[in-house]
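Given next are the chains, with one letter for each unit.
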Amino acid sequence: MTPNEPSRSVIGLRTALILDALLLVFAFFTLKGAALAIAVLIVVLLAAKSFVHHLRSRME
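Below: a short report on this structure.

### Quick look at the overall build of the protein chain
Scanning the protein chain from N- to C-terminus turns up two helices and zero strands. Total accessible area computed for the protein chain in this model is approximately 5100 Å², and 71% of it derives from carbon and sulfur atoms.

### Some words on the packing of helix α1 (residues 13-30) against helix α2 (residues 34-59)
Running from N to C, α1 and α2 cross one another at 175 degrees; their axes reach a closest spacing of 10 Å. With respect to their mutual orientation, α1 and α2 come out roughly antiparallel. Contacts from Leu-13, Ala-16, Leu-17, Asp-20, Leu-23, Leu-24, Ala-27 and Phe-28 in α1 reach Leu-36, Ala-39, Val-40, Val-43, Leu-46, Ala-47, Ser-50, Phe-51 and His-54 in α2. Partitioned by chemical class, the residues of the contact of α1 with α2 number 14 nonpolar, two polar and one charged.

### What about α2?
Under the 1.5 Å per step criterion, the end-to-end length of α2 is 38 Å for 26 residues, consistent within 8% with the ideal 38 Å. Every buried residue of α2 is accounted for by Leu-36, Ala-39, Val-43 and Ala-47. Summarising the contacts, the buried residues of α2 are in contact with α1.

### Some details on α1
Helix length check: α1 (18 residues) gives 26 Å between terminal C-alpha atoms against 26 Å at 1.5 Å per residue, within 8%. Within the span of α1, buried status applies to Ala-16, Asp-20 and Ala-27. Along the axis of α1, the buried positions cluster into a sector of 35 degrees, meaning they face one direction only. In α1, those exposed residues whose orientation departs by more than 90 degrees from the buried face are Arg-14, Leu-22, Phe-26, Phe-28 and Phe-29. If you follow the buried residues of α1, they end up packed against α2.

### Quick notes on the side chain of Asp-20
Mapped onto the secondary structure, Asp-20 falls in helix α1. It is Lys-49 that comes nearest to the buried, bridge-free Asp-20 among opposite-charge side chains, at 9.8 Å. Contacts of Asp-20, omitting those with residues within four sequence positions, involve Val-43, Leu-46, Ala-47 and Ser-50.

Procedures and definitions
Residues numbered from 1 in each chain as written. Predicted model: local features only at pLDDT ≥ 70, side-chain atom pairs only at ≥ 80, totals over all residues. Heavy atoms only, no water. Helix = DSSP H or I, 4+ residues; strand = E, 2+ residues; numbered from the N terminus. Areas by Shrake-Rupley, 256 points an atom, 1.4 Å probe, with all protein chains shown as cover. Axes fitted to C-alpha atoms, helices over the stretch in contact; angles between N-to-C directions. Parallel < 35°, antiparallel > 145°, perpendicular 65-115°, else oblique. Contact = heavy atoms within 4.5 Å. Nonpolar A, V, L, I, M, F, W, Y, C, P; charged D, E, K, R; others polar. Expected span 1.5 Å × (residues − 1). Buried < 20%, exposed > 50% of the residue type's maximum accessible area, 1.4 Å probe, protein only. Arc of directions from axis to C-beta. Lys, Arg positive; Asp, Glu negative; His and termini not counted. Salt bridge = Lys/Arg side-chain N within 4 Å of Asp/Glu carboxyl O.

Below, the structure written as structure tokens:
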């Protein structure tokens, strides 16, 4: 991808991380115990995936 081409992703990294943070806040207020741990793990892994995708797209 050249610098003049538009991004092919639907949302940007900042938006994805903000949505992940909001999802974590919602999970902390609504879940307890094992469900909270699973939800936090899933959201953190999704945030990591978004970040890795962002880094890979910048390398191209």
